[in-house]
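# Architecture and fold: a report
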Amino acid sequence: MKRTTLTLTFLAPVLMAASVLPAASADISRSYSYFSIGGKTLGEIEEQLRSRGPEVQSTGQRHPGATRMEFKTKITYEEDERRCRIAAVNVSVDAQVFLPRWRNRKRAEPETALIWDTLSKDIKRHEESHLGIAKRYARKIEEDVARLRPRASCEALQERAEKITEKTLNAHDAAQARFDRIESGNFEWRLMRLLNYRLEQLERGRNPG
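Notes on the structure follow. No experiment lies behind these values; they were computed from the predicted model shown.

## As for the packing of aromatic side chains
Each aromatic ring pair is summarised here by two numbers: the centre-to-centre distance and the angle between the ring planes. One pass over the full model with this rule turns up one aromatic pair. Their ring planes at 55° and their centres at 5.7 Å tell us that W102 and W116 sit as a pair that is tilted. Of this pair, W102 sits in strand 6 (residues 84-102) while W116 sits in helix 2 (residues 110-146), placing them 14 residues apart in sequence. Assessed through its relative accessible area of 8%, W102 is described here as buried. Across from the ring centre of Y32, 5.6 Å away, lies the NZ or CZ of K124, which sits over that ring.

Below, the structure written as structure tokens:
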């Protein structure tokens, strides 16, 4: 039996859910990078985030945080004298997350530090959510490619696998953009809710029981 292995690599821009084969894990490898910002007031911090945040290619703007991802798809084909079939498929995602680090915390007012803690946690949560979306679509690629029926040749099967992968990556990009639009639209409400929750926690800590 002839075994052919093909590895395809796709770069997915960011700022960007029964298969024939056993389901793979759709692994995500992540690393974190930090950029420093100054400022002592909320206005100064906001300006620092706008001027020093990572620039996102899809928007052409700087953001408080960003995630860059690379999808890697490895497909193994098995071919006999008559047909070619999918033997294995695995999709992994390499992600680099960029987050802010505030260097003036000790010199700022306590209220400013409280708001910063709330804001920075929300920024990290937002970027981690991008990874969750990517993992869901990586699994979808694995499942859809694994379901492909055998073809007369590995070339024909490869072509079909590439089309499925490209279609799913396009859907992934659209889902990431949709998530950003929703998050941007309710940012102020979300931040106020988190601040109120944090203030309630602090108040309970001062007055236990």
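## Looking at the nonpolar core
Most often, soluble globular proteins have nonpolar side chains that are buried together. Residues Y77 and V145 are the most contacted members of the largest nonpolar core, which totals 34 residues. Counting residues per element, the ones that place at least two in this core are strand 2 (28-37), helix 1 (42-52), strand 5 (66-79), strand 6, helix 2 and helix 3 (154-185). The leading source of residues in this core is helix 2, at 10 residues. Aside from chain neighbours lying at most four places away, what touches V145 is I75, I86, V89, A161, I164 and T165.

## A look at the state of the cysteines
Taken as a whole and assessed by the stated rule, the structure comprises one disulfide. Between the sulfur atoms of C84 and its disulfide partner C154 the distance amounts to 2.1 Å. Every disulfide takes its handedness from the sign of the S-S torsion; for C84 and C154 that torsion is 95°, giving right-handed. With C84 in strand 6 and C154 in helix 3, this pair connects stretches of sequence that are 70 residues apart. This pair shows no difference in class: C84 is buried, exactly as C154 is.

Conventions adopted
- Residues numbered from 1 in each chain as written.
- Predicted model: local features only at pLDDT ≥ 70, side-chain atom pairs only at ≥ 80, totals over all residues.
- Heavy atoms only, no water.
- Phe/Tyr/Trp six-rings, centres within 6.5 Å; stacked < 30°, edge-to-face > 60°.
- Helix = DSSP H or I, 4+ residues; strand = E, 2+ residues; numbered from the N terminus.
- Buried < 20%, exposed > 50% of the residue type's maximum accessible area, 1.4 Å probe, protein only.
- Lys NZ or Arg CZ within 6 Å of the ring centre and 35° of its normal.
- Core = buried A, V, L, I, M, F, W, Y, C linked by side-chain atoms within 4.5 Å.
- Contact = heavy atoms within 4.5 Å.
- Disulfide = S-S within 2.5 Å.

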